[in-house]
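Architecture and fold: a report
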Amino acid sequence: MAEEKESYSSCSNGDDGEKKKKKTMIEVMLSLQEKEPDYYTDQIIRGLMLVLLGAGTDTTATTIEWTLSLLLNNPHALKKAQMEIDNHLGNNHLIQESDLNQLPYLHCIIKESQRMYPAGPIIPHESSGECTVGGYRIPHGTMLLVNLWAIQNDPRVWEEPRKFMPERFEGIELEKHGFRLMPFGSGRRGCPGEGLALRMVGLVLGSLIQCFDWESVGEGMVDMSEGTGLTLPKAQPLLVRCRPRPAFVDLLSKA
Ligand code: HEM
């Protein structure tokens, strides 16, 4: 930790008159530590960074893998997403974060993928007081496991829930889904990384769809069996073949 502090302080406070650059989270933590060393201990900072890495990496990667798998099995949706990106961006610049709000179909694809394959399928909450859930009395301090997967794939709640239909979200605001769709959980303990994750997934998928043509390796459909684990992994990792789209070869080589 001592060497890390040294390297962070030398890269952020350069006295070379360089314009002030945005601080990384760890730099913010270390400057808070200078003011409140008893609260922002090394242990707290290290723990926070580990939680963010642990909670943010697998979930995001898994979501991207499921979504790409769904797109390979639904080539019309892949084509439609590619056309949406081409229509909005042309072929002279690579997709950027600021383009994402002009790509509603891409968002529908991500929502539909998160509905069918939520990266956190079961979320534990603890009752802070006695309450009633579905007619059951829940005493204070009880561990409740919310089965997000079951809610988001319940035929009483969603029409043809196991069918990939991004169009079901067209023209509908997320807020209107209430507790039917909550891949990031809900309430005070809901995922604090939601905004970052949606931008990251959108940007990664958008870039992959914009710049490459995709096909699955092997015969038939991509295997969509679910494995076991905290973050709903695919039982069989996705194997794909991609080719740069001719119009993007130049741009990619300059990127
Ligand atoms: C697609 C990506 C992601 C998904 C699907 C996801 C999903 C979730 C879910 C379902 C929860 C539990 C919410 C609840 O209990 O109600 C959660 C919690 C959490 N997530 Fe995410 N997450 C993602 C990305 C991220 C990222 C990028 C970060 C941070 C860099 C992050 C940080 C956290 C943290 C710190 C918690 C615990 C919050 C608490 O207990 O108060 N997540 N996430």
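The structure this text deals with has already been given above.
Below you will find a few notes about this structure.

Each value, and the rule that gives it
- Residues numbered from 1 in each chain as written.
- Predicted model: local features only at pLDDT ≥ 70, side-chain atom pairs only at ≥ 80, totals over all residues.
- Heavy atoms only, no water.
- Helix = DSSP H or I, 4+ residues; strand = E, 2+ residues; numbered from the N terminus.
- Contact = heavy atoms within 4.5 Å.
- Areas by Shrake-Rupley, 256 points an atom, 1.4 Å probe, with all protein chains shown as cover.
- Lys, Arg positive; Asp, Glu negative; His and termini not counted.
- Charge placed at Lys NZ, Arg CZ, Asp CG, Glu CD.
- Salt bridge = Lys/Arg side-chain N within 4 Å of Asp/Glu carboxyl O.
- Donors = N, O, S within 2.8 Å, 3.2 Å for Na, K, Ca; no water.
- Near = heavy atom within 4 Å.
- Polar contact = N/O pair within 3.5 Å; in protein donor to acceptor, adjacent residues only side chain to side chain.
- Nonpolar A, V, L, I, M, F, W, Y, C, P; charged D, E, K, R; others polar.
- Expected span 1.5 Å × (residues − 1).
- Core = buried A, V, L, I, M, F, W, Y, C linked by side-chain atoms within 4.5 Å.
- Buried < 20%, exposed > 50% of the residue type's maximum accessible area, 1.4 Å probe, protein only.
- Phe/Tyr/Trp six-rings, centres within 6.5 Å; stacked < 30°, edge-to-face > 60°.
- Disulfide = S-S within 2.5 Å.

**A few points about the overall build of the chain**
Each helix and strand counted, the chain has eight helices and six strands in total. Going residue by residue from the N terminus, the α and β elements of the chain occur as α-α-α-α-α-β-β-β-β-α-α-β-β-α. Within the chain, counting contacts between residues at least 6 apart in sequence, those at least 24 apart form 66% of the total. As presented, the chain carries roughly 16000 Å² of accessible surface, and 57% of it is formed by carbon and sulfur atoms. A distance of 4 Å separates the average location of the 27 positive side-chain charges in the chain from that of its 34 negative side-chain charges.

**Re the pattern of salt bridges**
Within the structure shown, the criterion is met by eleven salt bridges. A salt bridge links E215 to R241; its shortest N-O distance comes to 3.8 Å. With E215 in strand 5 (residues 212–216) and R241 in strand 6 (residues 240–244), this residue pair connects regions lying 26 residues apart in the sequence. Among the charged side chains, a salt-bridge network with shared partners connects K80, E167 and E170.

**Some remarks on the coordination of the iron atom of the ligand**
For the iron atom of the ligand, the protein supplies a single donor, C191 (SG), at a distance of 2.3 Å. Position of C191 relative to the elements: it lies in the loop between helix 6 (148–152) and helix 7 (194–211).

**Some points on the site of the ligand**
Neighbouring the ligand are 22 residues; H125, G185, S186, R189 and C191 lie closest to it. Between the ligand and the protein, one listed contact pairs a nitrogen atom with a backbone N or O atom of A55 at 3.5 Å. Residue H125 places a side-chain N or O atom 2.6 Å away from an oxygen atom belonging to the ligand. Breaking the shell around the ligand down by element, the ones donating at least two residues are helix 3 (42–73), strand 1 (122–126) and helix 7. The biggest single contributor to the shell around the ligand is helix 3, with seven residues. Among the residues forming the shell around the ligand, the class breakdown is eleven nonpolar, ten polar and one charged.

**Quick word on helix 4 (residues 75–89)**
With 15 residues, helix 4 extends 21 Å between its outermost C-alpha atoms, agreeing within 8% with the 21 Å of an ideal straight helix rising 1.5 Å per residue. Looking at the packing, one finds that the buried side of helix 4 touches helix 3, helix 5 (104–116), helix 7 and strand 5. Downstream of helix 4 by one or two residues, G90 has phi in the positive range, about 65°.

**Let's talk about the nonpolar core**
Counting 37 residues, the largest nonpolar core has L71, L106, Y117, F164, L205 and I209 as the members making the most contacts within it. Looking at this core, the elements with two or more residues in it are helix 3, helix 4, helix 5, helix 7 and strand 5. In contact with Y117, other than residues within four places in its own chain, are W66, L70, R162, M224, E226 and L232. Residues M29, L30, Y40 and I45 belong to the second largest nonpolar core, which totals five residues.

**Quick word on unusual backbone geometry**
A negative phi angle characterises most non-glycine residues, just as the trans form characterises most peptide bonds. A positive phi angle, close to 40°, is found at E160, a residue other than glycine. For E160, the position within the fold is in the loop between helix 6 and helix 7. The backbone of L232 shows a phi angle near 40°, a positive value even though the residue is not glycine. Of note, L232 is situated in the loop between strand 5 and strand 6.

**Observations regarding the packing of aromatic side chains**
Here the structure, examined in full by the defined rule, presents four aromatic pairs. Measuring from ring centre to ring centre gives 4.9 Å for Y39 and Y40, while their planes differ by 80°; the resulting arrangement is edge-to-face. Take Y39: its relative accessible area is 56%, and that puts it in the exposed class. Note on Y40: relative accessible area 16%, which makes it buried.

**As for the environment of V133**
Mapped onto the fold, V133 is located in strand 2 (residues 131–133). For the pair formed by V133 and L144, sequence separation is eleven residues and the distance between their alpha carbons is 9.8 Å.

**Here's the deal with the state of the cysteines**
Working definition of a disulfide: a covalent bond connecting the sulfur atoms of two cysteines. The tally for this structure, following the rule as stated, stands at zero disulfides. In this structure C242 is not part of a disulfide, and its nearest cysteine sulfur, from C211, lies 10 Å away. Residue class for C242 comes out partly exposed when judged on its relative accessible area of 37%.

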